[in-house]
Amino acid sequence: MLKVAIVGCGTMGGVHGRSYINVKNAKVVAVCDINENKGSQIAKIHNANNYNSYDEMLNNEDIDIVDVCVPTYMHREFAEKALKMKKHVFCEKPIALNIEDAQYMVKLAEKMGVKFSVGHVVRFFPAYTKAIETINSNKIGTPKLIRTTRTGAYPSWNWNNWYSNYELSGGPILDLVIHDFDWIRHNFGEIERVYVKSFNGKIEGKDHCLITLKLKNGPIAHVEGSWAFPQGAIFGTTFEVIGTKGQIEFDSRRTSSIKKQTNNEMYNMNLDTPLSYWDEPYTLEIQAFVDCIVESRVPIVTGEDAIEAIRISLAAIKSSKEGKVVTIGGEKNE
């Protein structure tokens, strides 16, 4: 039984904490957050020890895996400490804010002989995996055009409003649509060029980006991301893949079978999916990481995958600022 510590018990830490309930061969033994109340909520679920000092937790606990759910700009610092103690690390996406930090983390994991993976969870969502199965069976022919959207309100719930500082979060191009970059690259091929229009954080509490990707093997992809919807609006994702013999599409707002509407100070609607726990994507991604440790194999999402995802995001940010097409790998990503 692998012993797990979760650091960062905010939104994603909570999601991971609940997911571990159904993960086999792993048990959460410790959690850490500067907010003891948030930490205690997850600790109670697992009967785990609760810390507000990361160093104290690492030094006091017998841990095999550290699950890093702190804000992006802290990823390298927290992952590095765990990796140097030869702990396996599962890190929320994006892996880092720049290529240098990302490469350092991946190389350190290799040096220490431990497993390292990043939470590009879209690969584990049933609708996305089923679409790829359909495409790979040649039912729509050769993919020529891919469209994705990932839209909702500005994440105002974030700690210390760190999302609003793009030096810390990277904005929606690095934090939000990186999910789609990874899914497109992994399933359809390497990205060659990118062109972007974006608000670039010029409007407080709102942003929107429109991105065109040219894949090396021919297809074009259009990626849209938004933090500009009204507070309380439904977060949703869509994809459409058009091939030489047909197309396949998905809209999360229309396909969820359970809808909840509430009115608590502001209008809000939430969509729930009735997935069994073994189909829940966050459970699946964590289980896959645990399995790669137990079975001594390469993670499904590798560190190199995570590096390439932020390489695309950084090129997209550069394009949005300069108003020019940027060639992937040809830009400077300092």
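As a starting point, this report considers the structure included with it. (Residues numbered from 1 in each chain as written. Predicted model: local features only at pLDDT ≥ 70, side-chain atom pairs only at ≥ 80, totals over all residues. Heavy atoms only, no water.)

## Thoughts on the sheet that holds strand β9 (residues 208-215)
Now for step 1: With mixed pairing, the 7 strands of this open sheet are ordered in space as β12-β11-β7-β10-β9-β8-β15. The strands lining the two open edges of the sheet, one partner per strand, are β12 (247-251) and β15 (326-327).
Now for step 2: Of the strands in this sheet, β7 (143-153), β8 (191-198), β9, β10 (220-229) and β11 (236-243) touch helix α9 (residues 178-188), which is tilted by about 160 degrees from β7.
Now for step 3: This element, helix α12 (residues 303-322), spans β8, β9 and β15 of the sheet and lies at about 45 degrees to β8. (Pairing = 2+ DSSP bridges. Helix = DSSP H or I, 4+ residues; strand = E, 2+ residues; numbered from the N terminus. Contact = heavy atoms within 4.5 Å. Axes fitted to C-alpha atoms, helices over the stretch in contact; angles between N-to-C directions.)

## Brief notes about the pairing of strand β2 (residues 26-32)
One face of the sheet, then the other: side chains in a regular strand alternate in exactly this way.
Now for step 1: Most of β2 sits out of view: 6 of its 7 residues are buried.
Now for step 2: Pairing between strand β1 (residues 2-7) and β2: 6 bridges, direction parallel. Pairing of Lys3 across the sheet is with Lys27, part of β2.
Now for step 3: Running through helix α1 (residues 11-19), the crossover from β1 to the neighbouring parallel element β2 is right-handed.
Now for step 4: Here β2 runs beside strand β3 (residues 49-51); their pairing, made up of 3 bridges, is parallel. When the bridges of β3 are listed, Cys32 appears paired with Tyr51.
Now for step 5: Crossover connection from β2 via helix α2 (residues 36-46) to parallel β3: handedness right-handed. (Buried < 20%, exposed > 50% of the residue type's maximum accessible area, 1.4 Å probe, protein only. Right-handed = clockwise from strand over helix to strand, strands pointing away.)

## Here we look at unusual backbone geometry
Now for step 1: A cis amide bond links Lys93 to the next residue, Pro94, at an omega of -15 degrees.
Now for step 2: Within the secondary structure, Pro94 sits in the loop between β5 (88-91) and α5 (99-112).
Now for step 3: Not every positive phi belongs to a glycine, and Asn161 is a case in point at roughly 55 degrees.
Now for step 4: Along the chain, Asn161 turns up in the loop between β7 and α7 (166-169).

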